[in-house]
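Structural overview for review
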Amino acid sequence: MAAAQAEVLVYSAVWKERGVNAPEGTILSNPGTVAATHGYLIFDTSIFSDTPGPGTLIEYRDIREAGIVDKIYTINSDFRAFSADQVEGASGSRRVYGQVYAPVYIADASSTSLSFSGNSVGAGAPTRLTMDNAVVQTGAADGLTGPLILTNGGTIQRSVISGSATKMKVRASTIAGATAELTARLQRSGYDRAAVVPVITADLPATLALQDGQSQLLGVTLSADVFPTPSYRWYKDDVAVSAANGGTSANLTVTGGSAVNGPGTYRVEISTSAGTVISGDAVVSALANAFTTDLPATQPLVGANSAVLSVVLDPLPVTAPTYQWYKGAVAVAAANGGNDATLTVIGGEAATSAGVYRVEVTNSAGTLVSSNCTVSVGAAGSNFAFTTNVPRAVSVAFAGTSVLSPVVNASANPAVASRQWFKASLANPTVFTAIAAGDGGTSATYTVTGNNSAINGPGIYRMVATSTGATPQVITTVNCTVTTAP
């Protein structure tokens with residue numbers, strides 16, 4: 001073989017596939033021939049290693065039915081069922097006992113991989129390949145005792161192969177190149193590639209839990225040589241998924257919380273003209289959240305100071321869930337933050353002052369209820385605290401004004417050292433900027449207006465008070481949203 005062909009080994013082979021049915025333990029010789037097949041065995045030099053790579057098996061045959069002859073070929077590019085011992089014959093010729101794949105046409109068997117004697121190819125490629133045509137006996141399959149025995153309904157079913165192969169030349173130096181060259185030869189001789197029933201090599205996951213808004217592709221892996229390109233039909237709960245929702249695609253996107261491709265039981269049917277294979281079921285469910293941080297058992301407040309109640313979910317939701325806060329048995333109004341992820345409670349504010357609080361968090365997996373948090377409000381006494389906070393919201397006429405007047409405990413010890421007002425825009429409510437002293441930013445009160453062009457116009461305001469003393473205390477009002485009155 002020329003140097004250009006040194007990287008691949010190609011054998012032109014002919015073999016007879018024979019099938020027998022017999023009681024277990026029977027030893028048969030020369031069973032009747034069922035069919036004859038020609039083919040090409042294509043390997044690379046890794047066949048001589050301890051970890052041989054896959055080869056390619058091309059089978060071709062003439063099938064006569066009702067006086068019509070169909071010339072077809074098939075390709076298996078993941079051919080691994082071949083190994084052999086190289087043996088010196090009496091004449092000095094080399095003979096190989098090997099394994100080869102063979103369909104069992106007369107049996108509805110679960111496996112078509114048949115073992116023959118042999119372990120591994122010795123050094124140097126044989127000049128002639130001979131399939132083992134010796135007596136076949138029943139028994140467990142291994143490299144020495146014979147073929148795999150297939151049981152179907154209590155009857156032993158098996159296939160025997162006899163034949164030979166001779167080394168041939170191709171212009172290609174790779175398995176893929178040799179495959180292309182040899183199939184081109186077959187096509188020029190009038191052979192058509194036969195349709196192949198798809199084989200699933202990696203099935204759908206049995207279960208899949210998704211959060212609201214979390215998406216994932218469902219799909220199977222097929223054997224490499226399925227032909228022609230298969231069609232797909234997805235089902236959810238035994239109802240065909242529409243093409244508009246991906247029901248005829250190779251992969252299907254499922255999304256947690258979706259009413260279309262959300263929780264349910266999915267399967268896919270994959271078809272060629274040779275037949276259809278059906279995947280296993282994939283049960284897609286909604287992933288329930290849990291609190292990794294629940295509400296504290298108690299939350300003390302002093303005077304009109306405020307505190308923020310919050311929970312942390314795991315896993316973090318992809319799509320924001322809905323929240324409803326409760327004070328006792330009464331839902332907190334949306335205007336007081338009752339539908340927000342966090343709840344600001346303010347001492348002295350009737351809606352969110354002392355009481356027992358909880359939050360209910362809802363998504364497609366259901367509703368999660370927090371533990372109770374008891375909010376208590378103590379008198380300001382001598383604490384550095386607000387005795388009056390700012391309102392949560394103020395609506396001011398365009399030409400009008402309103403005064404924000406938080407009051408720090410007059411008897412606080414230590415006393416107020418400084419005040420600083422901050423403002424954030426309505427468009428960017430989390431980014432606050434200190435208001436300059438010349439614009440009233442350090443005063444005890446702050447006058448706002450409904451004029452959008454004014455420095456003190458609509459926005460979100462809060463004031464930070466700092467105490468005197470070696471270790472200053474800092475208290476902050478709640479945020480006050482100022483808007484222009486209609």
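What counts as what
Residues numbered from 1 in each chain as written. Predicted model: local features only at pLDDT ≥ 70, side-chain atom pairs only at ≥ 80, totals over all residues. Heavy atoms only, no water. Helix = DSSP H or I, 4+ residues; strand = E, 2+ residues; numbered from the N terminus. Contact = heavy atoms within 4.5 Å. Areas by Shrake-Rupley, 256 points an atom, 1.4 Å probe, with all protein chains shown as cover. Phe/Tyr/Trp six-rings, centres within 6.5 Å; stacked < 30°, edge-to-face > 60°. Buried < 20%, exposed > 50% of the residue type's maximum accessible area, 1.4 Å probe, protein only. Lys NZ or Arg CZ within 6 Å of the ring centre and 35° of its normal. Core = buried A, V, L, I, M, F, W, Y, C linked by side-chain atoms within 4.5 Å. Salt bridge = Lys/Arg side-chain N within 4 Å of Asp/Glu carboxyl O. Pairing = 2+ DSSP bridges. Lys, Arg positive; Asp, Glu negative; His and termini not counted. pLDDT = per-residue confidence, 0-100.

So, on to the overall build of the protein. Along the protein, the regular secondary structure elements total one helix and 44 strands. Contacts in the protein between residues far apart in sequence, at least 24 positions, make up 63% of those at least 6 positions apart. Entry remark: accessible area of the protein is about 23300 Å², with carbon and sulfur atoms responsible for 53%.

Quick look at the packing of aromatic side chains now. The way to describe two aromatic rings as a pair is by their centre distance and the angle between their planes. Summed over all chains, the structure comprises four aromatic pairs. Relative to Tyr446, the ring of Trp421 has its centre 5.7 Å away and its plane inclined at 35°; by these criteria the two rings are tilted. Here Trp421, found in strand E39 (residues 416–424), pairs with Tyr446, found in strand E41 (residues 446–449); they are 25 residues apart in sequence, far enough to count as distant. Here Trp421 and Tyr446 have matching classes, each one buried. Considering the side-chain rings of Tyr446 and Tyr461, the 5.6 Å spacing of their centres and the 35° angle between planes classify their relative orientation as tilted. Taken as a pair, Tyr446 in strand E41 and Tyr461 in strand E42 (residues 459–467) lie far apart in primary sequence, 15 residues in all. In this structure, Tyr446 and Tyr461 share a single accessibility class: buried. A network of ring pairs unites the aromatic residues Tyr40, Tyr60 and Tyr191 as a single cluster. The cationic tip of Arg358 hangs over the ring face of Tyr326; the distance from NZ or CZ to the ring centre is 4.3 Å. When the ring centre of Phe432 is taken as origin, the NZ or CZ atom of Arg462, which lies over that ring, is 3.8 Å away.

So, about the nonpolar core. Soluble globular proteins tend to bury their nonpolar side chains together. By size, the foremost hydrophobic cluster in this structure holds 21 residues, and its most contacted members are Phe386, Leu404, Trp421, Val448, Tyr461, Ala465 and Val482. Contributing elements (two or more residues each) for this core: strand E36 (393–396), E41, E42 and strand E44 (480–484). Here this core takes three residues from E42, the largest share from any one element. In this view, Val448 contacts Val396, Gly400, Thr401, Ser402, Leu404, Asn456, Tyr461 and Val482; residues no more than four positions away in its chain are not counted. Ile200, Leu218, Val226 and Val241 belong to the second-largest nonpolar core, a separate cluster that totals 19 residues.

What follows concerns the pattern of salt bridges. This structure, assessed with the given rule, holds eight salt bridges. Linking Asp62 and Lys71 is a salt bridge whose minimum nitrogen-to-oxygen distance equals 3.8 Å. A relative accessible area of 28% places Lys71 in the partly exposed class. The partner of Glu360 in a salt bridge is Arg358, with the nearest N and O atoms 3.5 Å apart. Of the residues examined, Arg358 reaches a relative accessible area of 21% and is grouped as partly exposed.

Here we come to the pairing of strand E29 (residues 322–327). Sheet analysis places E29 next to strand E32 (residues 355–363), joined by six bridges and oriented antiparallel. Note that in E32 the partner of Tyr323 across the bridge is Val361. Counted along the chain from E29 to the antiparallel partner strand E30 (residues 330–331), the turn is two residues long, and its residue Gly328 has a positive phi close to 65°.

All right, on to the side chain of Lys236 then. For Lys236, the position within the fold is in strand E19 (residues 231–236). No salt bridge is formed by the buried Lys236, whose closest oppositely charged neighbour, Asp237, lies at an N-O distance of 5.0 Å.

With that settled, the discussion passes to unusual backbone geometry. Of the consecutive residues Phe227 and Pro228, the connecting peptide bond is found in the cis state with omega at -10°. Looking at where Pro228 falls in the secondary structure, it is placed in the loop between strand E18 (221–222) and E19. Following Asp314, the chain continues into Pro315 via a peptide bond in cis, with omega recorded as -5°. Following the sequence through the fold, Pro315 ends up in the loop between strand E28 (312–314) and E29.

Summary statistics for the protein give a mean pLDDT of 81 and a share of 76% for residues scoring 70 or more. Taken together, the stretch residues 18–34 has pLDDT below 50 and engages in 47 contacts with residues farther than four places along the chain or on a different chain. Segment residues 83–160: pLDDT under 50, and 204 contacts once partners within four positions in sequence are set aside and those in other chains are kept.

Relative to the elements of secondary structure, Ser231 occurs in strand E19. For Ser231, a relative accessible area of 42% puts it in the partly exposed group. In this structure, the C-alpha to C-alpha distance between Ser231 and Ser271, residues 40 residues apart in sequence, is 5.3 Å. Residues contacting Ser231, with those up to four places away along its chain left out, are Glu269, Ile270 and Ser271.

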